[in-house]
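Each chain is listed here by its residues.
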Amino acid sequence: MEARTMSDQAILTINAGSSSIKFSVYARDGEPQELGRGQVEKLGPAARLVVHPEGASALREEIGQADHDIALQQILSHLEPILQGRQVVGVGHRIVHGGAEFAVPHVLTPDVIDQLALLEPLAPLHQPFNLAAVRAAMAAFPDALQIACFDTGFHRGHPWAFDTFALPRRYFDKGVRRYGFHGLSYDYIAGELARRDPVLARGRVIVAHLGNGASMCAIKGGQSQSSTMGFSALEGLAMGTRSGAIDPGVLLYLMEAEGMGAADLTQLLYKESGLKGLSGLTHDMRSLLASPAPEAAQAIEYYVMRIRHELGGLTADIGGLDALVFTGGVGQNAAKIRALVCDGMEWLGLSLDAAANENGVDEIGRGPVRIFALPTDEERVIARAVNGFLAPGG
């Protein structure tokens, strides 16, 4: 039965990442109103479902062994108490890579899905799972509008020098270029800054999205100018299991000296490196911060060094700095990491208020460059996009 009014309708968002699947449910009522959210986290042998219905106690359920397919089925089976009879009329999907063709939100059709599947080698930890979630949602909600929102979209329009590599120009024309990622997160933070302080939002801002995946973005006048991630989601900062920046000569050496092929290098760079590889212990920042092992401290030291290194370069890209924003699971919650990044950075105008930083308030700086620790909300960006595609009256 078709819903009669917007208040009887709901939007579902699905954000399938490398180690979790997040979801949110929104009522259509002008600005989408959140009804609940949750995620299946720690995919693998000890996965757990967490559901947060709006105004009710959280549900936590140990799933055990779960891959992305099992996780998505668990999520779909727990939607009804949140929906409370509402009809899902739109499903929004985070799609990590839009390539050169897709930037703005787009209706998902079989042809579009096929085009996006061709980009799976550029984002192997995300794109296959993004598209698997699309197919599952199409089966579960065959009458709902399915909308793709692209993590690369926010970065379109970079100055050419920030989008290219120093390769023969024919490769740029073939799509070998810097795309940037985490764009939905940066889009939300840019909008949040504009709401809080429009003048500041028009200035020079660097956002550090730090989580299991991590990147930084230089924003000027509300527009992305430069990003630490490039052609793939490997470049730039060290991440949970991804290497970040690496001399390409190392890869040539591994191919020659150890006979590694593309599959071996993919496994190494995406799943065995980063914090996990450096520490030999874990990719989880909380565990590393709590560990007395010297290898844990060394992994954190490298992680912070890369952030500080990129901070200097991004500041040069936009000609100065008016604000630094930490976001993402690590950026928002790990006060120790924020302190290490800002330590000794007074020359850049960064001075941390130690008490504010520890107490978890939104603004944590006391120097000329403002510093924030803000939650991001990629799901709300997606829900707004879906709502824009749906008819105003239902």
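None of these values were measured; they are calculated from a predicted model.

About the thresholds
- Residues numbered from 1 in each chain as written.
- Predicted model: local features only at pLDDT ≥ 70, side-chain atom pairs only at ≥ 80, totals over all residues.
- Heavy atoms only, no water.
- Helix = DSSP H or I, 4+ residues; strand = E, 2+ residues; numbered from the N terminus.
- Rg over C-alpha atoms; globule rule 2.2 N^0.38 Å.
- Buried < 20%, exposed > 50% of the residue type's maximum accessible area, 1.4 Å probe, protein only.
- Contact = heavy atoms within 4.5 Å.
- Pairing = 2+ DSSP bridges.
- Axes fitted to C-alpha atoms, helices over the stretch in contact; angles between N-to-C directions.
- Arc of directions from axis to C-beta.
- Core = buried A, V, L, I, M, F, W, Y, C linked by side-chain atoms within 4.5 Å.
- 1 Å grid on protein atoms, 1.4 Å probe; cavity = no way out; pocket = protein on both sides within 12 Å on 5 of 7 lines; lining within 4 Å.
- Points joined across faces, edges and corners; volume = space filled by probe spheres on them.
- Nonpolar A, V, L, I, M, F, W, Y, C, P; charged D, E, K, R; others polar.
- Salt bridge = Lys/Arg side-chain N within 4 Å of Asp/Glu carboxyl O.

The next subject is the overall build of the protein chain. Within the protein chain one finds 16 helices and 13 strands. In summary, the protein chain has a C-alpha radius of gyration of 21 Å against a globular reference of 21 Å for 394 residues, a match within 12%. Its C-alpha atoms put the protein chain at 60 × 50 × 45 Å along the principal axes. Across the 394 residues that make up the protein chain, the buried fraction comes to 52%.

Here we come to the environment of histidine 182. Mapped onto the secondary structure, histidine 182 falls in the loop between helix H5 (169-173) and helix H6 (183-196). Here histidine 182 falls in the buried class, since its relative accessible area comes to 7%. In the structure, histidine 182 is positioned 54 residues away from glycine 236 in sequence and 13 Å away in space, judged by C-alpha atoms. If we ignore the near neighbours within four places in the chain, the residues touching histidine 182 are Arg94, Asp151, His209, Gly213, Ala214, Ser215 and Met229.

Reading across the sheet, the 5 strands line up as S11-S10-S9-S12-S13 and stay open at both edges, with mixed pairing between neighbours. Of all strands in the sheet, those with a lone pairing partner are strand S11 (223-227) and strand S13 (370-373), marking the two edges. Looking at each pair of strands side by side, their axes are set apart by 20° on average, direction ignored. Against the sheet, H6 engages strand S9 (204-210), strand S10 (214-220), strand S12 (323-327) and S13, with an angle of about 135° to S9. Against the sheet, helix H14 (residues 335-342) engages S9, S12 and S13, with an angle of about 150° to S12.

Moving on to helix H3 (residues 110-117). Every α-helical turn comprises 3.6 residues, leaving residues that sit three or four positions apart pointing alike. Every buried residue belonging to H3 is among Val112, Ile113 and Leu116, and all of these are buried. Here the buried residues of H3 occupy an arc of 100° about the axis, which is enough to place them on one side. What points out from H3, more than 90 degrees from its buried face, is the exposed set Pro110 and Asp114. Residues of H3 that are buried make contact with strand S6 (87-95), strand S7 (106-107), helix H4 (127-140) and strand S8 (145-150).

Taken as a class, soluble globular proteins show a tendency for nonpolar side chains to be buried jointly. The biggest cluster of nonpolar side chains holds 45 residues, and the ones touching the most others in it are Ile206, Leu210, Tyr303, Leu311, Ile337 and Leu350. Breaking this core down by element, the ones donating at least two residues are S9, S10, helix H11 (285-290), helix H12 (294-317), S12, H14 and S13. No other element matches H12, which puts 8 residues into this core. Residues Ile14, Ala47, Val88 and Ala133 belong to the second largest nonpolar core, which totals 30 residues.

This part takes up the layout of surface pockets. One number sums up the size of the second largest pocket: a volume of about 930 Å³. Forming the boundary of the second largest pocket are 29 residues, of which Phe231, Ser232, Leu234, Glu235 and Leu251 lie nearest the centre. At 5 residues, helix H9 (residues 262-271) tops the list of elements feeding residues into the lining of the second largest pocket. When grouped by side-chain class, the residues that make up the lining of the second largest pocket number 17 nonpolar, 8 polar and 4 charged.

It is worth spelling out the pattern of salt bridges at this point. Evaluated as defined, the whole model comprises 17 salt bridges. Arginine 48 serves as the salt-bridge partner of glutamate 41, at 2.5 Å between the closest nitrogen and oxygen. Because the salt bridges share partners, they merge into one network encompassing Glu31, Glu34, Arg37, Asp377, Glu379, Arg380 and Arg384.

Next up on the list: the sheet that holds S6. A sheet is described by the order of its strands in space; here 8 strands give the open sequence S5-S4-S3-S2-S1-S6-S8-S7, paired in mixed fashion. Every other strand in the sheet has two partners, leaving strand S5 (59-66) and S7 as the edge strands with one partner each. In the sheet, S6 pairs with S8 via 6 bridges, with the strands oriented parallel. Bridge pairing links arginine 94 to cysteine 149 in S8. Sheet strands in contact with H4 are strand S1 (9-16), S6 and S8, and its direction is about 170° off that of S6.

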